[in-house]
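Descriptive structure summary
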Amino acid sequence: MSAIPAELLPRFRNHVPCGACGNRGDVRVEFSRADALAIGDHFLRRCTRCGHVWAERCGMPDAHPPTKRGPRPESPQPPDLLR
(Lines give C-alpha, C1' and ligand atoms only; values in the text may rest on other atoms or scores of the structure.)
Protein backbone atom coordinates (compact mmCIF):
# COMPACT_ATOMS: atom_id res chain seq x y z
CA MET A 1 0.00 0.00 0.00
CA SER A 2 1.37 3.44 -0.88
CA ALA A 3 0.96 6.62 1.14
CA ILE A 4 -2.10 8.76 0.38
CA PRO A 5 -2.56 12.55 0.74
CA ALA A 6 -3.63 13.51 4.26
CA GLU A 7 -6.61 15.47 2.86
CA LEU A 8 -8.25 12.15 1.93
CA LEU A 9 -8.11 10.76 5.49
CA PRO A 10 -11.10 10.97 7.85
CA ARG A 11 -10.94 13.98 10.19
CA PHE A 12 -9.43 13.56 13.66
CA ARG A 13 -12.12 13.00 16.30
CA ASN A 14 -12.05 12.28 20.01
CA HIS A 15 -12.93 8.84 21.39
CA VAL A 16 -12.65 6.84 18.18
CA PRO A 17 -12.69 3.07 18.81
CA CYS A 18 -10.07 0.80 17.29
CA GLY A 19 -11.25 -0.54 13.95
CA ALA A 20 -9.60 -3.91 14.56
CA CYS A 21 -10.62 -4.85 18.13
CA GLY A 22 -13.16 -2.16 19.15
CA ASN A 23 -11.04 -0.94 22.08
CA ARG A 24 -12.46 2.33 23.41
CA GLY A 25 -9.81 2.60 26.11
CA ASP A 26 -6.29 3.89 25.75
CA VAL A 27 -5.27 4.74 22.19
CA ARG A 28 -1.94 6.45 21.57
CA VAL A 29 -2.06 9.50 19.24
CA GLU A 30 1.05 10.75 17.41
CA PHE A 31 1.44 13.72 15.04
CA SER A 32 3.18 12.98 11.74
CA ARG A 33 4.02 14.89 8.56
CA ALA A 34 4.77 11.89 6.36
CA ASP A 35 5.06 8.14 6.83
CA ALA A 36 4.08 4.91 5.10
CA LEU A 37 0.33 5.61 5.57
CA ALA A 38 -0.04 9.26 4.54
CA ILE A 39 1.74 12.30 3.16
CA GLY A 40 0.96 15.65 4.81
CA ASP A 41 0.06 16.67 8.37
CA HIS A 42 -1.94 13.92 10.07
CA PHE A 43 -2.35 11.96 13.29
CA LEU A 44 -1.48 8.30 13.73
CA ARG A 45 -3.47 6.32 16.27
CA ARG A 46 -2.11 3.13 17.79
CA CYS A 47 -4.35 0.84 19.82
CA THR A 48 -2.70 -0.15 23.11
CA ARG A 49 -4.64 -3.41 23.19
CA CYS A 50 -3.96 -4.96 19.75
CA GLY A 51 -1.38 -2.60 18.16
CA HIS A 52 -3.58 -1.65 15.17
CA VAL A 53 -2.46 1.65 13.56
CA TRP A 54 -4.64 4.05 11.54
CA ALA A 55 -4.34 7.63 10.31
CA GLU A 56 -6.64 10.67 10.58
CA ARG A 57 -6.10 14.13 9.10
CA CYS A 58 -5.48 17.18 11.27
CA GLY A 59 -8.13 19.77 11.90
CA MET A 60 -11.45 19.69 13.63
CA PRO A 61 -14.73 19.81 11.71
CA ASP A 62 -16.35 23.24 11.32
CA ALA A 63 -18.68 24.18 14.15
CA HIS A 64 -20.99 25.76 11.56
CA PRO A 65 -20.54 23.98 8.25
CA PRO A 66 -21.71 25.88 5.15
CA THR A 67 -25.24 25.15 4.02
CA LYS A 68 -26.96 25.30 0.65
CA ARG A 69 -28.78 28.45 1.82
CA GLY A 70 -25.63 30.53 2.06
CA PRO A 71 -22.48 31.09 4.10
CA ARG A 72 -22.24 29.95 7.69
CA PRO A 73 -23.53 32.40 10.32
CA GLU A 74 -21.19 34.83 12.01
CA SER A 75 -20.28 34.08 15.61
CA PRO A 76 -21.87 36.44 18.13
CA GLN A 77 -19.48 38.93 19.67
CA PRO A 78 -18.85 38.48 23.42
CA PRO A 79 -20.10 41.30 25.65
CA ASP A 80 -17.55 43.86 26.80
CA LEU A 81 -17.04 42.88 30.44
CA LEU A 82 -14.52 45.62 31.25
CA ARG A 83 -16.87 48.62 31.21
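Structural data are supplied above this passage.
Below: a short report on this structure. For clarity, every value in this text was computed on a predicted model and none was experimentally measured.

**Quick look at the pattern of salt bridges**
Taken as a whole, this structure holds three salt bridges when the rule is applied. Arg 28 is the salt-bridge partner of Glu 30, the closest N and O atoms lying 3.0 Å from each other. Overall, Glu 30 belongs to the partly exposed group, its relative accessible area being 21%. For Arg 45, the salt bridge identified is with Glu 56, shortest N-O distance 3.0 Å. One end of the pair, Arg 45, is in strand S3 (residues 38–47); the other, Glu 56, is in strand S4 (residues 53–57), and eleven residues separate them in sequence. No difference in accessibility class separates Arg 45 from Glu 56, as the two residues are buried.

**Things to note about the environment of Arg 11**
Looking at where Arg 11 falls in the secondary structure, it is placed in the loop between strand S1 (4–5) and strand S2 (27–34). With a relative accessible area of 32%, Arg 11 lands in the partly exposed category.

**Let's talk about the layout of surface pockets**
Considered as a void within the structure, the largest pocket measures approximately 160 Å³ in volume. Taken together, Phe 12, Arg 13, Asn 14, His 15, Val 16, Asn 23, Arg 24, Gly 25, Asp 26, Val 27, Val 29 and Arg 45 make up the full set of residues lining the largest pocket. When the residues that make up the lining of the largest pocket are grouped by side-chain class, the tally is four nonpolar, four polar and four charged.

**Comments concerning the pairing of S4**
Direction of pairing for S3 relative to S4: antiparallel, over a ladder of five bridges. Bridge pairing in S4 links Leu 44 to Ala 55. Once S3 ends, the chain turns through five residues before running back antiparallel as S4, passing Gly 51 with a positive phi of about 85 degrees.

Reading the values: the criteria
- Residues numbered from 1 in each chain as written.
- Predicted model: local features only at pLDDT ≥ 70, side-chain atom pairs only at ≥ 80, totals over all residues.
- Heavy atoms only, no water.
- Salt bridge = Lys/Arg side-chain N within 4 Å of Asp/Glu carboxyl O.
- Buried < 20%, exposed > 50% of the residue type's maximum accessible area, 1.4 Å probe, protein only.
- Helix = DSSP H or I, 4+ residues; strand = E, 2+ residues; numbered from the N terminus.
- 1 Å grid on protein atoms, 1.4 Å probe; cavity = no way out; pocket = protein on both sides within 12 Å on 5 of 7 lines; lining within 4 Å.
- Points joined across faces, edges and corners; volume = space filled by probe spheres on them.
- Nonpolar A, V, L, I, M, F, W, Y, C, P; charged D, E, K, R; others polar.
- Pairing = 2+ DSSP bridges.

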